[in-house]
Amino acid sequence: MKGDKMGMHKEKIDFECVREGQKCIDLSIPANPEYVSIVRLTASVIANNIGFDFEEIEDIKVAVSEACNNVVVHSKRENNFDIRFISESEKIGVVVKDNGNGFDLADYTSPDLKNPSDHGLGIFVIKSLMDRVEVNSSKENGTEIKMYKNLL
Amino acid sequence: MSLSIEKQYHQDKDLWTVKITGEVDIYTSDEMKETLNEMVEEKKSEIQIDCRELSYIDSSGLGVLIGILKKLKEENKNLVVVNARSNILKLLSITGLDKVFIVKENQNEG
C-alpha cells in the first residue's frame, strides 16, 4: 500500500486534476461551525474576481456554506476538511470534501411543504442555486460535493 | 462576523417584534434559536422578524425558524418575515418557505 507511510497524517485528499486555464485556491479548515464563515468570505472574493454580480455572489456564498454545513454536521469536530475553489475565466467550481462517514443520499429529497423540516434543505438549496452539482457519499470515502456556476 | 438580536413584546397587539442584524449561519444560528425559544416560552404570540439588516441566512437559520413556527402553530400563531432583502427572499422562495411563513415587504418599524 503506497499511502501507508503517510499513516500518521490525515489521509491526503486528491482533488480532480486541474486543467489549463484553471486556477486553484485550496483551504483546509476545522469541521467546526465557527470556521464556515472563512470559506464564505473566500468564496465571495473569488466569485467577485471572476466577475459574478452581487446576486450571483450571494447564491455562491449560500451554496458553499450549505456544503460546509453538511460536513460540519457529519464529521468529527477535531478533523479538518478541504475546500478547493477552481477559478476559470467564466466559471467557478467549488469542491468540498471530507473524510466523514458519508450520509444517505436517499434521505435528501425536495422539501415537503406540508410538513416542513429543518433537515435536508441544504443539498436542495445547493442544487437550486448552482448550475451543476455532483454529490458523492460513501462510508469508505466520506462525502464530496462538487458545484459549478457559469458567468452569464 | 456578528449577529445581534433585538426583541420587544407589544402587549397591545400581542406581538413580538424581533430585529436581526448581521449573519445567521451554522455558527450563529444557535444564538438566534436561544433567543427565539426564550421568547416563545415567555409568551406564545405571533413573531414578526424584521430582516432589513439581516445580510445572510442559510438552511441552519431557516431550520431554526421552522422549529419556532412549529411551536407557534400549537397556539395557532404565525411567524412573519418582513423587509427581507432580495437574496433572502430568493432563498425563501426556493425552499417554499415563503408559503410556510408569512412574508411581507416594506413594513415600517414598530
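Residues numbered from 1 in each chain as written. Chains lettered and ligands numbered in written order. Predicted model: local features only at pLDDT ≥ 70, side-chain atom pairs only at ≥ 80, totals over all residues. Heavy atoms only, no water.

Engineer: Hey, could you go over the interface of chain B and chain A for me, with residue numbers and the actual values?
Structural biologist: Counting from both sides, the interface comprises 23 residues of chain B and, opposite them, 26 residues of chain A. For the pairing of chain B and chain A, the buried interface totals around 2,000 Å² over both sides, and the portion due to carbon and sulfur atoms is 65%. Looking at the side of chain B facing chain A, the largest losses of area belong to Ile26(B), Tyr56(B) and Ile94(B), adding up to 27% of the total buried there. For the pair chain B and chain A, the number of links is four salt bridges. With its nearest N and O atoms 3.0 Å apart, the salt bridge here joins Glu23(B) to Arg40(A). Viewed at the interface, chain A and chain B are joined by eight residue pairs in polar contact (both at pLDDT 80 or more). Counting only elements with at least two residues in the side of chain B that touches chain A, the list comes to strand 4 (54-57), helix 2 (59-73) and helix 3 (86-95) of chain B. Looking at which element gives the most residues to the side of chain B that touches chain A, the answer is helix 2 of chain B, with six residues. (Contact = heavy atoms within 4.5 Å. Buried area = accessible area lost by both parts, 1.4 Å probe. Salt bridge = Lys/Arg side-chain N within 4 Å of Asp/Glu carboxyl O. Polar contact = N/O pair within 3.5 Å; in protein donor to acceptor, adjacent residues only side chain to side chain. Helix = DSSP H or I, 4+ residues; strand = E, 2+ residues; numbered from the N terminus.)

Engineer: Describe the confidence of the model for chain A, listing the residues and the values that go with them.
Structural biologist: Residue and element names in this part refer to chain A. Averaged over chain A, the pLDDT score is 84; the fraction of residues at 70 or greater is 78%. Per-element confidence in chain A ranges from a low mean pLDDT of 91 for strand 4 (residues 132-138) to a high of 97 for helix 1 (residues 36-50). Across residues 1-11, where pLDDT falls below 50, the model places four contacts with residues more than four positions away in sequence or in other chains. (pLDDT = per-residue confidence, 0-100.)

Engineer: Kindly report on the pattern of salt bridges, identifying the contributing residues and their values.
Structural biologist: Residues and elements named next belong to chain A. One pass over the full model with this rule turns up 15 salt bridges over all chains. Glu-134 is the partner of Arg-132 in a salt bridge, and the nearest nitrogen-oxygen pair spans 2.6 Å. A single network of salt bridges, built from pairs that share partners, joins Lys-97, Arg-132, Glu-134, Glu-144 and Lys-146.

Engineer: Describe in detail the environment of Thr28(B), supporting the description with residues and values.
Structural biologist: Residues and elements named next belong to chain B. Mapped onto the fold, Thr-28 is located in the loop between strand 2 (15-24) and helix 1 (29-42). Classification of Thr-28 by relative accessible area gives buried; the value is 6%. Considering only alpha carbons, one finds Thr-28 and Gln-107, 79 residues apart in sequence, at a separation of 25 Å. Reaching out from Thr-28, the side chain makes a polar contact with the backbone nitrogen of Asp-25 at a distance of 2.9 Å. (Buried < 20%, exposed > 50% of the residue type's maximum accessible area, 1.4 Å probe, protein only.)

Engineer: Any chance you could break down the nonpolar core for me, citing the residues and the numbers?
Structural biologist: Grouped together as the largest cluster of nonpolar side chains are 35 residues, with contacts concentrated most on Leu36(B), Ile47(B), Leu79(B) and Phe101(B). Every element with two or more residues in this core is listed here: helix 3 (121-129) of chain A together with strand 2, helix 1, strand 3 (46-50), strand 4, helix 2, strand 5 (79-82) and helix 3 of chain B. The element contributing the most residues to this core is helix 2 of chain B, with seven residues. Residues contacting Leu79(B), with those up to four places away along its chain left out, are Ile47(B), Ile49(B), Leu65(B), Ile68(B), Leu69(B), Leu72(B), Phe101(B) and Ile102(B). With 30 residues, the next largest nonpolar core counts Ala31(A), Val64(A), Phe81(A) and Ile26(B) among its residues. (Core = buried A, V, L, I, M, F, W, Y, C linked by side-chain atoms within 4.5 Å.)

Engineer: Talk me through the sheet that holds strand 3 (residues 91-97) of chain A; I want residue IDs and the actual numbers.
Structural biologist: Residue and element names in this part refer to chain A. Pairing is antiparallel across the open sheet formed by five strands, whose spatial order is 1-2-3-5-4. If you trace the sheet from one side to the other, it starts and ends with strand 1 (23-30) and strand 4, each paired once. When the angles between neighbouring strand axes are averaged without regard to direction, this sheet yields 10°. Note: strand 3 against strand 5 (residues 142-150), seven bridges, orientation antiparallel. Bridging from a neighbouring strand, Ile-92 pairs with Lys-149 of strand 5. (Pairing = 2+ DSSP bridges. Axes fitted to C-alpha atoms, helices over the stretch in contact; angles between N-to-C directions.)

Engineer: Would you mind going over the packing of helix 1 of chain A against helix 2 (residues 54-74) of chain A in detail, with residue names and values included?
Structural biologist: Residues and elements named next belong to chain A. Running from amino to carboxyl end, helix 1 crosses helix 2 at an angle of 150°, the nearest separation of the two axes being 9 Å. Put simply, helix 1 runs roughly antiparallel to helix 2. When the axes of helix 1 and helix 2 are compared, the crossing they make is right-handed. Across the interface between the two elements, Val-36, Val-39, Arg-40, Ala-43, Ser-44, Ala-47 and Asn-48 of helix 1 pack against Ile-57, Ile-60, Lys-61, Val-64, Ser-65, Cys-68, Asn-69 and Val-72 of helix 2. Residue classes in the contact of helix 1 with helix 2 are distributed as nine nonpolar, four polar and two charged. (Parallel < 35°, antiparallel > 145°, perpendicular 65-115°, else oblique. Left-handed = near helix turned anticlockwise from the far one by under 90°. Nonpolar A, V, L, I, M, F, W, Y, C, P; charged D, E, K, R; others polar.)

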